[in-house]
Amino acid sequence: MAATGDTYYDRPAELKAFDETKAGVKGLADAGIREIPRIFIHQPEPLPISSTPFQIPIIDLGSTDRATTVEKIREASEKLGFFQVVNHGIPVSVMNEVAQGVRRFHDQDVEVKKRFYTRDPSRPVVYHSN
């Protein structure tokens, strides 16, 4: 049981019910929901106070210094969990097509997407909502 405000609810049961629809967040939006479901609401975590401005690490894959590049990736992964990659050699046209492919997938009928909805990471294609 989890608390939200002054009420308790069975989060695992609600998450299971959400997963069983296999419609994902887009399915909720398509159904016209007016409130964010409780399973998606979390208490904010306090942010550490820092006097230095935040910057997203930029990793240059065009660098010839492999050891330094690997170290920058390790450090960014450990400290932030994400980074920007530049000079990766993937054409913008390919990246745009990937984004369009994602949109096309999510715009499909929910019955098509249900075949891929799973939390089983061993499946070759995984689609689910967190």
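Our structure is the block above this text.
Parameters at a glance
- Residues numbered from 1 in each chain as written.
- Predicted model: local features only at pLDDT ≥ 70, side-chain atom pairs only at ≥ 80, totals over all residues.
- Heavy atoms only, no water.
- Patch = residues over 30% accessible without salt bridge, like charges linked within 9 Å, V, L, I, M, F, W, Y side chains within 5 Å.
- Areas by Shrake-Rupley, 256 points an atom, 1.4 Å probe, with all protein chains shown as cover.
- Salt bridge = Lys/Arg side-chain N within 4 Å of Asp/Glu carboxyl O.
- Helix = DSSP H or I, 4+ residues; strand = E, 2+ residues; numbered from the N terminus.
- Buried < 20%, exposed > 50% of the residue type's maximum accessible area, 1.4 Å probe, protein only.
- Contact = heavy atoms within 4.5 Å.
- Phe/Tyr/Trp six-rings, centres within 6.5 Å; stacked < 30°, edge-to-face > 60°.

**What about a nonpolar patch on the surface?**
Taken together, Ile-90, Val-92, Val-94, Met-95, Val-98 and Val-102 make up a surface patch of nonpolar side chains, about 500 Å² in accessible area. Of note, Val-102 is situated in helix α4 (residues 92-107).

**Overview of the environment of Met-95**
Inspection of the secondary structure puts Met-95 in helix α4. Using a relative accessible area of 37% as the deciding quantity, one classes Met-95 as partly exposed. Separated by 53 residues in the primary sequence, Met-95 and His-42 have C-alpha atoms spaced 32 Å apart. Setting aside its immediate chain neighbours within four residues, Met-95 contacts His-88 and Ile-90.

**Details of the pattern of salt bridges**
Any two side chains of opposite charge can pair, on the condition that their charged atoms come close. Scanning the entire structure with this criterion turns up ten salt bridges. Here Lys-26 ties to Asp-30 by a salt bridge, and the two come within 3.1 Å at their closest N and O atoms. Of this pair, Lys-26 and Asp-30 both sit in helix α2 (residues 24-30), four residues apart, which is roughly one turn of that helix. Between Arg-104 and Glu-97 there is a salt bridge, with its nearest N and O atoms 2.5 Å apart. For Glu-97, a relative accessible area of 43% corresponds to the partly exposed category. Residues participating in the shared-partner salt-bridge network are Lys-26, Asp-30 and Asp-107.

**Some words on the packing of aromatic side chains**
Inspection of every chain in the model, using the stated rule, returns four aromatic pairs. Arranged with centres 5.4 Å apart and planes meeting at 90°, the rings of Phe-18 and Phe-40 form a pair that is edge-to-face. Linking Phe-18 in helix α1 (residues 11-21) with Phe-40 in the loop between α2 and β3 (58-60), this pair joins segments that are 22 residues apart in sequence. Looking at Phe-18, the relative accessible area reads 8%, which means it is buried.

**Side note on unusual backbone geometry**
Here the phi dihedral of Lys-22 falls at roughly 55°; this positive angle occurs in a residue that is not glycine. As for its placement among the helices and strands, Lys-22 is situated in the loop between α1 and α2. Using a relative accessible area of 33% as the deciding quantity, one classes Lys-22 as partly exposed. The phi angle at Asn-87 is positive, at roughly 55°, despite the residue not being glycine. Classification of Asn-87 by relative accessible area gives exposed; the value is 54%.

**A closer look at the side chain of Thr-69**
Checked against the element boundaries, Thr-69 lands in helix α3 (residues 66-79). The exposure class assigned to Thr-69 is buried, which follows from its relative accessible area of 11%. Those residues in contact with Thr-69 that lie beyond four places of it in its chain are Ile-59, Asp-60, Leu-61 and Ser-63.

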